[in-house]
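Listed below are the residues making up each chain.
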Amino acid sequence: MEEDEAAPPEFPVIAAIDFGTARTGCALFNYDLRDRDIDPVELDGTGAENAKTSSCVLLNSNGEIENFGEDARMIYYDLDEEIRPEKFFLERFKMSLFSDANGIPIASGQEPQARAHNGHLMPTLDIIAQLLKHVHDRAMAKLNAGIKQYRADEIRWVLTVPAIWSESAKHRMRVAACRAGLVETPDSPRLLLALEPEAAALSCRKDEALKLSDAFPAGTKYCVLDCGGGTVDITVHEALEGGFAKEIERPSGGAWGSTMVDHNFLEFLGTIFGREYVLELQRSLSSDLLTTMANWERAKKRVTGEEDIGSTKNIDLGPFLLDYKGNPAQAVERYNRKADPDLRVELSRRTLRLSMRVISSLFRPLFDNIAGHMRSNIIAQHPDIRYIFLV
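Residues numbered from 1 in each chain as written. Predicted model: local features only at pLDDT ≥ 70, side-chain atom pairs only at ≥ 80, totals over all residues. Heavy atoms only, no water.

## So, the overall build of the protein
Tallying secondary structure elements over the protein gives 9 helices and 18 strands in all. Taken over the C-alpha trace, the protein has a radius of gyration of 23 Å; the compact-globule value for 391 residues is 21 Å, and the two agree within 12%. With the C-alpha coordinates of the protein rotated into their principal frame, the extents come out at 75 × 55 × 40 Å. Looking at the 391 residues of the protein, the share that counts as buried comes to 48%. Summarising the internal contacts of the protein: among those between residues at least 6 apart in sequence, 62% fall at separations of at least 24. Accessible surface for the protein amounts to roughly 20300 Å². Of this, 50% is attributable to carbon and sulfur atoms. Side chains of the protein carry 46 positive and 60 negative charges; the gap between the two charge centres is 5 Å. (Helix = DSSP H or I, 4+ residues; strand = E, 2+ residues; numbered from the N terminus. Rg over C-alpha atoms; globule rule 2.2 N^0.38 Å. Buried < 20%, exposed > 50% of the residue type's maximum accessible area, 1.4 Å probe, protein only. Contact = heavy atoms within 4.5 Å. Areas by Shrake-Rupley, 256 points an atom, 1.4 Å probe, with all protein chains shown as cover. Lys, Arg positive; Asp, Glu negative; His and termini not counted. Charge placed at Lys NZ, Arg CZ, Asp CG, Glu CD.)

## Remarks on the sheet that holds strand 13 (residues 232–239)
The strand order 14-13-12-18 describes an open sheet built from 4 strands, whose pairing is mixed. The open sheet terminates on both sides in strands that have one partner only, identified here as strand 14 (245–254) and strand 18 (387–390). Strand-to-strand twist in this sheet, taken as the mean axis angle between neighbours without regard to direction, amounts to 15 degrees. Pairing geometry for strand 13 and strand 14, over 7 bridges, is antiparallel. Within the sheet, the bridge partner assigned to His237 lies in strand 14 and is Glu247. Together, strand 12 (221–227), strand 13, strand 14 and strand 18 form the strand contacts of helix 4 (residues 196–206), whose direction differs from that of strand 12 by roughly 120 degrees. (Pairing = 2+ DSSP bridges. Axes fitted to C-alpha atoms, helices over the stretch in contact; angles between N-to-C directions.)

## As for helix 5 (residues 259–273)
Between its first and last C-alpha, helix 5 extends 21 Å over 15 residues, near the 21 Å set by a 1.5 Å rise per residue. Within helix 5, burial applies to Thr259, Val261, Asp262, Asn264, Phe265, Leu266, Phe268, Leu269, Gly270, Ile272 and Phe273. In the core, the buried residues of helix 5 are packed alongside helix 6 (275–283), helix 7 (287–301), strand 15 (312–316), helix 8 (328–338), strand 17 (351–355) and helix 9 (356–379). Directly after helix 5, the chain includes Gly274, whose backbone phi takes a positive value near 105 degrees. (Expected span 1.5 Å × (residues − 1).)

## Here we look at the pattern of salt bridges
Under the defined criterion, the tally for this structure stands at 22 salt bridges. Here Arg151 ties to Asp153 by a salt bridge, and the two come within 3.0 Å at their closest N and O atoms. Among the residues examined, Asp153 registers a relative accessible area of 43% and is labelled partly exposed. The salt bridge involving Glu184 is made with Arg190; its shortest N-O contact spans 3.1 Å. Take Glu184: its relative accessible area is 54%, and that puts it in the exposed class. Look at Arg190 and you get buried, because its relative accessible area is 6%. (Salt bridge = Lys/Arg side-chain N within 4 Å of Asp/Glu carboxyl O.)

## Examining the nonpolar core
Grouped burial of nonpolar side chains is what soluble globular proteins tend to show. Ranked by size, the top nonpolar core spans 47 residues in total, and within it Ile17, Leu90, Phe93, Leu132, Trp157, Leu159 and Met173 carry the most contacts. When near neighbours in sequence (up to four residues on either side) are disregarded, Leu132 contacts Ile17, Leu159, Ala176, Ala177, Ala180 and Leu182. Formed by 42 residues, the second largest nonpolar core is a distinct cluster that contains Leu269, Leu289, Met293 and Phe320. (Core = buried A, V, L, I, M, F, W, Y, C linked by side-chain atoms within 4.5 Å.)

## Topic: the sheet that holds strand 6 (residues 65–68)
Across the sheet, which stays open at both edges, the 3 strands sit in the order 6-5-7 with antiparallel pairing between neighbours. Two strands lie at the open edges of the sheet, namely strand 6 and strand 7 (88–91), each paired on one side alone. Strand-to-strand twist in this sheet, taken as the mean axis angle between neighbours without regard to direction, amounts to 20 degrees. Bridging between strand 5 (residues 56–59) and strand 6 involves 3 bridges; their strand directions are antiparallel. Residue pairing across strands places Val57 opposite Phe68, the latter belonging to strand 6.

If you want it as structure tokens, here you go:
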């Protein structure tokens, strides 16, 4: 049949949510529209429709969402010290649906908890439900801004989840989606959970810029490394006739996402200025530490991997050092006396200058885990893999 004569789709609208540990995005696909383009949804007040926003929420004292994304972070930074303990600011809480703070998987029937910046423990399902409701409301507002108003039963929601998650963790995500009002029941056919690396693999295969549409004859094996904020998920597929694919290796991976680089950076600061000082900043709910980590995030994003090994990146440590009782220059000097020459640092006023060797050392543990897993568990089992996608 010609495209215009094809049977109508079961759901005229697909609303897809990519809820990540670090960032979240949403897009709509409407079969009723002639151009049938993918339409991103703006989720915070920054006006950046094409970009994901931070997976941060700011809740009021009743546990209701007040702000989301970059908005939530900036507003929380600006709160008075007296008001801040009354608000619940949470970030990077997605993985608490799968494992606790010590990396131990959440048992079936156990209520996952996430810790807000004020130290308060909150049910993870409720937080994720609040986030998903916010995304749902933004998506519906955009979808129904035109003449036609869509009913709930005309929309299929697609929600991404890590491939390494257990079935119980995936079910919890379904429950959160139900609480958020996306669907009526957790097992609704209108809710589809998409494994993150599988979605990435389909995107790579269909990306015209990669010119791979004709490079996947039946029998072609390919691997996808989906490197997110919390996890790295790895899948292996074999192309079939008709553009389909089958899984030939059980999804695997680990908690090797980019947030672990942030953890390593904090550990590194503790090595220089004292671990107890860093812990005290964390215990005191210091907004100065949040600002410092935002400064580090900006520097981290500028790392391309193509820099000269002797080049440097600057991190503003002004907020971090506000309450430091010692002499920062002397702390750096003590560290440099003990450190490997390649890992020495410079402090100019309140700016920490890190060489690419130092920055590489913060990434290295993650790279070693990923490379070791790929060699031992993927390449050794499937030496005929033709493509490896890193997304």
